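Spelled out, the chains give:
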Amino acid sequence: MELVRYSETRFASKILMLRRYINVLRVLDRLVIDDVYTTWLGKQARDVKERGAEIKRIIRDEDVTSAARVCLRVCEPVVRVLRMTDSKLGATLGKVYAYMLQVDVHLRNPIEGLDEHIRKKIHNIFMARWTYMHVPVMTAAFRFDPEFCSRDFDSEETADVK
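Visitor: Explain the confidence of the model for the protein chain here, please?
Guide: Averaged over the protein chain, the pLDDT score is 82; the fraction of residues at 70 or greater is 79%. The low-confidence segment residues 155-162 (pLDDT under 50) makes 3 contacts with residues lying over four places distant or belonging to another chain.

The following block contains the structure:
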């Protein structure tokens, strides 16, 4: 149940921290109202009590939780692409292309809790990056990746190719 700590060298560290925070939020909420914890906190120095109160306020603040959830809704599809390209599982050009198309569709549509003006700005940033890296070879790689072919070709259809 340990929270993930931020690190400049960790891949998508802030997003991982948010995911972990949301996953353990119920446990954290129980902790800040626990009798043993509150008794312990009551015996601490003033600065520790103040930090404890601030932590409790953050954990119990619905606006903080909502903002974290919106951030995850926006970023998790992008993190999937980053994770795939950072792994040793075979991030072929075709798969990267397919995932990028999914991110485009995701960011093109309204995202619950996210202001439309901000969503459009995020999508524009994504499209600028996509346009920069999008080259015809990626389209070809996508079309020839067996995982994304829509049907098998029979021998008559491939006879002209030989």
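Visitor: Sorry, what's going on with the pattern of salt bridges here?
Guide: Between side chains of opposite charge, a pair can form as their charged atoms come close. Under the definition given, this model contains 8 salt bridges. Taking the shortest distance from any N to any O, the salt bridge between Arg-119 and Glu-116 comes out at 2.8 Å. One end of the pair is Arg-119 and the other is Glu-116, both in helix H6 (residues 116-133) and 3 residues apart, which spans about a single turn. For Glu-116, a relative accessible area of 31% translates into the label partly exposed. Residues joined in a network through salt bridges with shared partners are Glu-54, Arg-57 and Asp-61.

About the thresholds
Just so you know, the residues in each chain are numbered from 1, in the order the chain's sequence is written. In keeping with the predicted nature of the model, local features appear solely for residues at pLDDT of at least 70, side-chain atom pairs appear and are counted solely at 80 or more, and the whole-chain, interface and lining totals rest on all residues. The side-chain values count all of the structure's non-hydrogen atoms but skip hydrogen atoms and water molecules. The quantity called pLDDT is the predictor's confidence in a given residue, expressed from 0 to 100. Throughout, a contact is declared for two residues whenever any of their heavy atoms are within 4.5 Å. For this document, the term salt bridge refers to a Lys or Arg side-chain nitrogen within 4 Å of an Asp or Glu carboxyl oxygen. Numbering of helices and strands runs from the N terminus, with a helix taken as a DSSP run of H or I at least four residues long and a strand as a DSSP run of E at least two residues long. Relative accessible area decides the class of each residue, using a 1.4 Å probe on protein chains only: under 20% of the type maximum gives buried, over 50% gives exposed, and in between gives partly exposed.

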